Every structure is written in structure tokens, then in C-alpha cells.
Amino acid sequence: MKNKNSYSREHLAYLKKQRNKKIIVILSRAFLLIAILGIWEICAQCRVVDPFVTSSPSRVIKTIGSLYADGTLFYHIGITLMETIAGFLLAVIVGYAIAMALWASDTAKKILEPYIVVLNSLPKIALGPLIIIWIGTGYDAIIFMTVLVSIIVCIMNTLSGFCSVDKTKLVLMKSMGAGKITTLRKLIIPASLPALMNTLKVAVGLAWIGSIMGEYIVSKAGLGYLIVYGGQVFKLDLVMTATFILCLLAGGMYGIIALIEKKVTK
């Protein structure tokens, strides 16, 4: 690590400006969140909106406390988190492997690409009854739904990253006698890391959508189950609480991916 004395005055000023900019962004995000929650609470307390319908931050906190006291808070969070992470990892790993196979075989890519596009446009929720018949009503069905929602985008984005690598570098590798595997390992994978990071960011959101969709259909526990149950018995505080927790968990997973991106890109 370089000593600050080794930097020029201009460079130190630039670093300070960048640091101040980052602090402003973080503080602005925090202020915006506090403002939204504050306005929501004030509107509910002043009856500008009906708190029975919209709930409020204080009601959400009270509901979280009730779930914690019942011992069910971390149980439901754990189930949904397990399903989402399992589906996310499977979708990314299998999608990456399929993308590599399609890149290695141009013929297979041309044959299968239209089918991949069609599968991506298919509304996955329509397959819910079939998934129940094929797999059952356990966690496997929800994980399968999560994979189904995420995997096509993982394949398409990763394959697009592979195909966008500089053609002149590919020609150079070929002229030096590199085969498909060597080119993939030495050039394609390192050069497509930014595309992989973007794929992971998109897949995080899709994985949460898939797991909640699966819980809507077959689950007897989890945050999606709480949302469905709360809607059925008109416990809208429970619905908003589960939704708020989902936002926190999804944001946390996205933050982890962002940290990994910083480490990888270095």
C-alpha cells in the first residue's frame, strides 16, 4: 500500500472528492429511506391513508416483535432464504455450464437459441400446477420454480458476455494454437467477468421472485406463505411485514454480490 505522501496534491484532492461523494451517496440513501418511512408513518397516524389497508412502520415493527415472540420469525425467514439461495446457486451454476456448452458449439447455439427465448417469455406461474404434479408440494417444488424463473436469464446474459469478447483476441488465441478449452479458460471467462457479475445481480432478484411464486402455490411456511395467509385473513400488517423483510433480505443479497464484484474486478 502506498503512503499518502507519495501522492501528488492533485491526486489527494481527487481521492478526497471521491470519498466525499461516496459519503454523500450513502447519507442520501439513508435520508431517503428515513423520509419514506416517516411520511408513511405520519400519513397512517393522521389517517391520510387507512392504516388497516396500508399498515405503518410502527405496526410492522410490532408485528415483527409478535413473530419473534412466537418463535416463528426466523423459522419463516430461514425457509425462504434456504429456498432462494439454493435456487439461485443452481440457476447460476447450471446456467453458466449451459452457456459454456452453447459457446463451444455454434451449431447447438443456433439450434437451441430460439427455444431458450421462447422459454424465457413463458409465464412460469402457469407451470405451477404441473410442477406440483411432477415434483410434489415440498421444498423441491419451490426450488425448482426458483431455478425455472432464473436459469434462462442466466444462460442468455452469460452467453451474451461470452460472445461479446473482442474478436481480434479470439483470432490471436487461435493463431497461437489455443483450443476451445484453453481459449475459454484463458480469455473468455476472465473477459466476461463483468457480464457474470451483472447476471448475478439480475439472478438475485429473479431468485426471490421464483421462491415467493413457489410459496404462493405450494408452501406451508416461509415469507410468501405469510403474505398469502395474511391476505386471506385480512391481516395486512402481516403482509406488509413479510414484504418489508423480503426487501431487507433481497437488499442484503444484492449487497453481497456487489462486494464480490468489487473483489473480483480488482
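Our structure's up above, just so we're on the same page.
Described below are features of the structure shown in this document. Just so it is clear, the model here is predicted, and its values are computed rather than measured. Within any chain, residue numbers begin from 1 and follow the written order of that chain's sequence. Local features in this predicted model are restricted to residues of pLDDT 70 or higher, and side-chain atom pairs are both shown and tallied only at a pLDDT of 80 or more, whereas totals for entire chains, interfaces and linings draw on every residue. To obtain the side-chain values, all non-hydrogen atoms of the structure were used and water was disregarded.

1. Examining the nonpolar core
Line of reasoning, step 1. In this text, buried Ala, Val, Leu, Ile, Met, Phe, Trp, Tyr and Cys residues form a nonpolar core when linked through side-chain atoms within 4.5 Å. Think of it in three bands: with a 1.4 Å probe and only protein chains considered, a residue is buried below 20% of the maximum accessible area for its type, exposed above 50%, and partly exposed in between. Counting residues in hydrophobic clusters, the biggest one holds 43 residues, and the most contacted among them are Phe88, Ile188, Leu200 and Leu223.
Line of reasoning, step 2. Every helix listed is a DSSP run of H or I at least four residues long, and every strand listed is a run of E at least two residues long, numbered separately from the N terminus. Among the secondary structure elements, those contributing two or more residues to this core are helix H4 (73–104), helix H7 (139–163), helix H9 (180–191), helix H10 (193–218), helix H11 (223–232) and helix H12 (236–265).
Line of reasoning, step 3. A total of nine residues in this core trace back to one element, the largest contributor, which is H4.
Line of reasoning, step 4. Only heavy atoms matter for contacts: two residues are in contact if any of them lie within 4.5 Å across the pair. Setting aside anything within four residues of it in sequence, one finds Leu223 in contact with His76, Ile77, Thr80, Glu215, Ala242, Ile245, Leu246 and Leu249.
Line of reasoning, step 5. Ranked by size, the runner-up nonpolar core spans 10 residues in total, among them Ala141, Met145, Val149 and Met213.

2. Some thoughts on the environment of Val149
Line of reasoning, step 1. Its location among the elements puts Val149 in helix H7.
Line of reasoning, step 2. Residues Val149 and Ala207 lie 58 residues apart in sequence; the distance between their C-alpha atoms is 7.0 Å.

3. Observations regarding the packing of H4 against H7
Line of reasoning, step 1. Orientation is described by lines fitted to C-alpha atoms, with helices fitted over the stretch in contact, and by angles between N-to-C directions that extend from 0 to 180 degrees. The N-to-C vectors of H4 and H7 enclose an angle of 35°; their axes lie 6 Å apart at closest approach. Where H4 crosses over H7, the handedness of that crossing is right-handed.
Line of reasoning, step 2. Residues that form the contact of H4 with H7 fall into these classes: 24 nonpolar, six polar and one charged. Here a crossing is called left-handed whenever its near helix is offset anticlockwise from the far helix by less than a right angle, and right-handed whenever the offset is clockwise. Classes in brief: Ala, Val, Leu, Ile, Met, Phe, Trp, Tyr, Cys and Pro nonpolar; Asp, Glu, Lys and Arg charged; the others, Gly included, polar.

4. Details of H12
In an α-helix, one full turn covers 3.6 residues, which means residues spaced three or four apart are oriented alike.
Line of reasoning, step 1. Look at H12: 43 Å from first C-alpha to last across 30 residues, which is about the 44 Å you get at 1.5 Å a residue.
Line of reasoning, step 2. For H12, the set of buried residues is Leu238, Val239, Thr241, Ala242, Ile245, Leu246, Leu249, Met253, Ile257 and Glu261.
Line of reasoning, step 3. Structurally, H12 contributes buried residues whose contacts are with helix H3 (57–70), H4, H10 and H11. To estimate the expected span of a helix, subtract one from its residue number and multiply by 1.5 Å.

5. Here's the deal with the layout of surface pockets
Line of reasoning, step 1. The calculated volume of the largest pocket comes to roughly 320 Å³.
Line of reasoning, step 2. Taken together, 15 residues line the largest pocket, and the ones lying closest to its centre are Trp103, Lys167, Leu170, Lys180 and Thr183.
Line of reasoning, step 3. Sorting the residues of the lining of the largest pocket by element identifies H4, helix H5 (106–121), H7, helix H8 (167–175) and H9 as the ones contributing at least two each.
Line of reasoning, step 4. Looking at the lining of the largest pocket, the element that brings in the most residues is H8, giving four residues.
Line of reasoning, step 5. Of the pockets and cavities examined, the second largest pocket occupies roughly 230 Å³.
Line of reasoning, step 6. Points on a 1 Å grid over protein atoms alone make up a cavity when a 1.4 Å probe fits among them but cannot get out, and a pocket when they form an open set with protein on both sides within 12 Å along at least five of seven lines; lining residues each have an atom within 4 Å of a point. Lining the second largest pocket are Lys22, Val25, Ile26, Arg29, Lys201, Tyr254, Ala258, Leu259, Glu261 and Lys262. Grid points are joined across faces, edges and corners, and a volume is the space filled by probe spheres set on the points.

6. What about the side chain of Thr63?
Line of reasoning, step 1. Here Thr63 lies in helix H3.
Line of reasoning, step 2. Here Thr63 is in contact with Asp237, Leu238 and Thr241, once residues within four sequence places are set aside.

7. Quick look at the pattern of salt bridges
Line of reasoning, step 1. Within this document, salt bridges are pairs made up of a side-chain nitrogen of Lys or Arg and a carboxyl oxygen of Asp or Glu, the two lying within 4 Å of each other. Overall, the coordinates contain two salt bridges when judged by the stated rule.
Line of reasoning, step 2. The salt bridge partner of Asp237 is Arg59, with a shortest N-O separation of 3.2 Å. Taken together, the residues span a long stretch of sequence, with Asp237 in helix H12 and Arg59 in helix H3 at a distance of 178 residues.
Line of reasoning, step 3. We note a salt bridge from Lys201 to Glu261, for which the minimum N-O separation is 2.7 Å.

8. What about unusual backbone geometry?
Line of reasoning, step 1. Residues other than glycine seldom take positive phi values, yet Arg47 does so here, at roughly 60°.
Line of reasoning, step 2. Tracing the backbone through its elements, the reader meets Arg47 in the loop between helix H1 (9–45) and helix H2 (51–54).
Line of reasoning, step 3. Positive phi outside glycine occurs at Phe234, with the angle close to 60°.
Line of reasoning, step 4. Inspection of the secondary structure puts Phe234 in the loop between H11 and H12.

9. Section: the side chain of Glu215
Line of reasoning, step 1. Along the polypeptide, Glu215 turns up in helix H10.
Line of reasoning, step 2. Working convention for charge: Lys and Arg count positive, Asp and Glu count negative, and His plus the chain ends are omitted. Although Glu215 is buried, it forms no salt bridge, and the closest oppositely charged side chain is Lys220 at an N-O distance of 14 Å.
Line of reasoning, step 3. Ignoring any residue separated from it by four or fewer positions in sequence, one finds Glu215 in contact with Ile79, Thr80, Glu83, Ile142, Ala221, Gly222, Leu223, Gly224 and Tyr225.

10. Comments concerning empty space enclosed by the protein
Line of reasoning, step 1. Inspection of the entire model under this criterion finds one cavity of 30 Å³ or more.
Line of reasoning, step 2. Forming the boundary of the largest cavity are Gly128, Ile131, Ala141, Met145, Gly214, Ile217 and Val218.
Line of reasoning, step 3. Contributing elements (two or more residues each) for the lining of the largest cavity: helix H6 (128–135), H7 and H10.
Line of reasoning, step 4. The greatest single-element share of the lining of the largest cavity, amounting to three residues, is contributed by H10.

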